[in-house]
Amino acid sequence: MVRLSRRNGMPVVMSSTAFSSLPLAPNQLDALDALGYKAMTPVQAQSLPLILSGRDVIVRAKTGSGKTAAFALGLLATINPRFFGVQAFVMCPTRELADQVGKEIRRLASRMPNIKLVLLCGGVPLGPQRDSLSHGAHIVVGTPGRIEDHLKRGSLNIESVKTLVLDEADRMLDMGFADAIKQIISGMPGDRQTLLFSATYPQDIQRISRSIQRNPASVTVDDVA
Ligand code: ADP
Ligand code: MG
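For the structure given in this document, a descriptive report is provided here. (Residues numbered from 1 in each chain as written. Chains lettered and ligands numbered in written order. Predicted model: local features only at pLDDT ≥ 70, side-chain atom pairs only at ≥ 80, totals over all residues. Heavy atoms only, no water.)

Another aspect to go through is helix α6 (residues 144-153). It helps to recall that an α-helix has 3.6 residues per turn; residues three or four apart then point in one direction. Residues of α6 that are buried: Pro-144, Arg-146, Ile-147 and His-150. Within α6, the buried residues cover an arc of 165 degrees as seen down the axis, which keeps them to one side. Exposed residues on α6 whose side chains face more than 90 degrees from its buried face are Lys-152 and Arg-153. Residues of α6 that are buried in the fold lie against β4 (88-91), β5 (117-120), α5 (126-134), β6 (139-142), α7 (169-174) and α8 (178-185). (Buried < 20%, exposed > 50% of the residue type's maximum accessible area, 1.4 Å probe, protein only. Helix = DSSP H or I, 4+ residues; strand = E, 2+ residues; numbered from the N terminus. Arc of directions from axis to C-beta. Contact = heavy atoms within 4.5 Å.)

Another aspect to go through is the packing of aromatic side chains. On inspection of all chains with the given rule, the structure shows 1 aromatic pair. Each ring, one from Phe-71 and one from Phe-197, has its centre 5.1 Å from the other, and the planes form 65 degrees; the classification is edge-to-face. In this pair, Phe-71 sits in helix α3 (residues 67-78) while Phe-197 sits in strand β8 (residues 193-198), placing the two residues 126 residues apart along the sequence. Here Phe-71 matches Phe-197 in class, with each residue buried. (Phe/Tyr/Trp six-rings, centres within 6.5 Å; stacked < 30°, edge-to-face > 60°.)

Take the side chain of Glu-168 next. Relative to the elements of secondary structure, Glu-168 occurs in the loop between β7 (163-166) and α7. Not counting residues within four places of it along the chain, the set of residues in contact with Glu-168 comprises Pro-93, Leu-97 and Phe-197.

In the region of ligand 1, 13 residues are neighbours, and Tyr-37, Ala-39, Gln-44, Gly-64 and Thr-68 sit closest. Tyr-37 has a polar side-chain atom sitting 2.4 Å from an oxygen atom of ligand 1. Broken down by class, the residue content of the shell around ligand 1 amounts to 3 nonpolar, 7 polar and 3 charged. (Near = heavy atom within 4 Å. Polar contact = N/O pair within 3.5 Å; in protein donor to acceptor, adjacent residues only side chain to side chain. Nonpolar A, V, L, I, M, F, W, Y, C, P; charged D, E, K, R; others polar.)

Listed below in structure tokens is the structure:
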């Protein structure tokens, strides 16, 4: 994935940007092809090797840089479709973002027909979400408030989560979700992989990273001209 090259006689580290350089299943490469994703974006090229290795990662990169596919490819790689328990869990600050993330994961899972994703956001009745969960789900994408509601009512089981993603973590903290997030995570297995995505890197992000991640690798993609 990473190779040494020479520029002006100096060795420089070059990351391959071909998705095929990653340890991805052929059906995953087909889905990327169908989507027209020809090469990795910089944040994908830097974070995906770490994410696919199973490490905890904290990723800071601006909006529009392709962070969703980075964590979506990571979580899809760990899902066992034959086990109908929640294995991947994504928290987003708003319903609109959760919606977009759900759509992107579904697009990237287009060659995995048996994967079920459930959206858990507020503003709609709980009943249909509860019914959906009761039939088994592999992936949950939602907002902290509604996720807490389901946990309190016993309609959501998070004991088999393998991959946890906090998307737009800085916004979730700005919205006052820190305690809800920590409370939710306390019910998840300790040996899960935790991926934290943020556009900014204030103190409270560093603090929550320390409390929910284990020895995280850090990826920062600066705006480059
Ligand atoms: P972020 O979460 O960093 O704000 P998104 O994940 O929403 O960014 O991605 C921004 C846009 O880039 C989306 O429309 C997505 O479909 C597109 N995109 C992501 N990765 C690639 C890629 N490797 N090649 C082409 N387009 C991509
Ligand atoms: Mg995003």
